[in-house]
Amino acid sequence: MESNFKKFIAVILLPVFLLFIPGCDFDDKPAVKIGVAMPTKTRQRWNQDGANIEKYLHDQGFAADLQFADNKPELQISQIAAMINEGCKVIIVGAVDVQSLAGILEEAKAVGISIISYDRLIMNTDAVDYYATFDNVAVGIVQGEYIEEKLGLKEGKGPYNFEITAGSEDDSNAFYFFEGAMEILRPYIKSGQLVINSGQSTFKQCAIPHWKEDISRARMTEILQKNYSDKHLDVVLCANDSTAFGVIKALRDAGYNLTDKKMPLVTGQDADKKNLKMIIAGEQTMSIFKDTRILAMQTVKMVKSIVEGKMPETNDMGNYNNGVKILPSFLVRPLFVDKDNYREVLFDSGYYNESVLDE
């Protein structure tokens, strides 16, 4: 009799008791899966973007499928195809090639998957639902205004010898960076305060494929050899830190230094660790700082709203047209980092630990 009673407790009543114990939920559902397609692991900032998004997704209870495409469009397409087959509810895409994804994203749309274009605007498809990025025009504007202020262009100073290194043509952001900077600097080129001795002043002439450091270095080496054997280069607008690193290597090769042949003012973007060291040393002048933690956090907020059937928060409804439609967008405002403020902006904010200077 006692044995039968114990069986009754174990089989019938124990599951009832467990329902009242915290953490015991017999209706737990699998976490909603979110795809995260990043372009490459070869750039510091994309590693940080991927890691931040993955962390914030996990914090919100989502499962994350994070993939890096090694800068290969065909690999990214296959990765997104796998995310579709896995049943991802939303896919966040930092595109390798913004022109190559229309077909695979149409497949995602057909099965009800929402797409967030991350940092790089995916072109020529209506399958993209939202865009999350830094204010890319403002990136260029901040670079241009920095040059304007440091050279005293508003006060009529000059002429200064000036060259431009733009980003990659397959990255839609690169054109926005260029146009933002040129909005500020073009009047000074026309007035003769900024003199481009190479004659290379259009985006296409100045573009660096895939933002490659070695291509940037080779191009600047050629410019210096052909145009600056008897002139001093005073300022170089570089779209980002990898192109700036290549330019600075070319300048070193040409004899520019921190003593007798003064380094030009050189801009950059991303506040990469190796470039930060050059800023502190005085070789690179500034870099645009885009706090990827903020962008990643905002993107995950958008994901959460989509999964919950709500409208995600956006702050720009008219400026980002991908050739098919204007995308509701969230834009994060960038800052600049230079020798005077790097400690406050990067270290005090917790973005970097000072130990990065010893790496």
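The structure we're discussing is the one just above.
So, how was this worked out
Residues numbered from 1 in each chain as written. Predicted model: local features only at pLDDT ≥ 70, side-chain atom pairs only at ≥ 80, totals over all residues. Heavy atoms only, no water. Helix = DSSP H or I, 4+ residues; strand = E, 2+ residues; numbered from the N terminus. Buried < 20%, exposed > 50% of the residue type's maximum accessible area, 1.4 Å probe, protein only. Polar contact = N/O pair within 3.5 Å; in protein donor to acceptor, adjacent residues only side chain to side chain. 1 Å grid on protein atoms, 1.4 Å probe; cavity = no way out; pocket = protein on both sides within 12 Å on 5 of 7 lines; lining within 4 Å. Points joined across faces, edges and corners; volume = space filled by probe spheres on them. Nonpolar A, V, L, I, M, F, W, Y, C, P; charged D, E, K, R; others polar. Core = buried A, V, L, I, M, F, W, Y, C linked by side-chain atoms within 4.5 Å. Contact = heavy atoms within 4.5 Å.

J.: Even after reading the chapter, I still don't get the side chain of asparagine 341, so can you show me in this structure?
T.: Along the chain, asparagine 341 falls in the loop between strand S12 (335–338) and helix H12 (342–347). Asparagine 341 sits in the buried class, given a relative accessible area of 16%. In this structure the side chain of asparagine 341 is engaged in a polar contact, spanning 2.8 Å, whose partner is the backbone nitrogen of aspartate 338.

J.: What should I look at first to understand the layout of surface pockets in this one?
T.: Remark: the empty space left among the atoms is shown by a probe the size of a water molecule rolled over them. Roughly 400 Å³ of internal volume is contained in the largest pocket. Taken together, 19 residues line the largest pocket, and the ones lying closest to its centre are Lys262, Met263, Pro264, Leu265 and Thr285. Of the residues assigned to the lining of the largest pocket, the class counts are eight nonpolar, four polar and seven charged. The space that makes up the second largest pocket amounts to roughly 330 Å³. For the lining of the second largest pocket, a count of residues per class yields three nonpolar, six polar and seven charged.

J.: I tried to follow empty space enclosed by the protein on my own but got confused; where do I start?
T.: Per the counting criterion, the structure on display carries two cavities of 30 Å³ or more. What the largest cavity holds in volume is close to 100 Å³. Along its surface, the largest cavity is lined by 13 residues, and Arg45, Asp171, Phe177, Trp211 and Lys290 are the ones closest to its centre. A breakdown of the residues in the lining of the largest cavity according to their chemical character gives three nonpolar, three polar and seven charged.

J.: What am I meant to see in the environment of valine 236 here?
T.: Residue placement: valine 236 occurs in strand S8 (residues 235–238). Taking the relative accessible area as the measure of exposure, valine 236 reaches 0% and is therefore buried. On a C-alpha basis, the gap between valine 236 and glutamine 284 in space is 9.9 Å, while along the polypeptide they are 48 residues apart.

J.: Would you mind showing me how to read the nonpolar core here?
T.: What tends to happen in soluble globular proteins is that the nonpolar side chains get buried as a cluster. In terms of nonpolar packing, the biggest core is built from 30 residues, with Ile147, Leu151, Leu153, Phe162, Ile164, Leu185 and Leu194 touching the most fellow members. Elements represented by at least two residues in this core include exactly helix H5 (136–151), strand S6 (160–165), helix H6 (172–191), helix H7 (203–206), S8 and strand S10 (286–289). Counting residues per element, this core draws most heavily on H6, at eight residues. Setting aside residues up to four positions removed in sequence, leucine 151 forms contacts with Lys157, Tyr160, Leu194, Val235 and Leu265.

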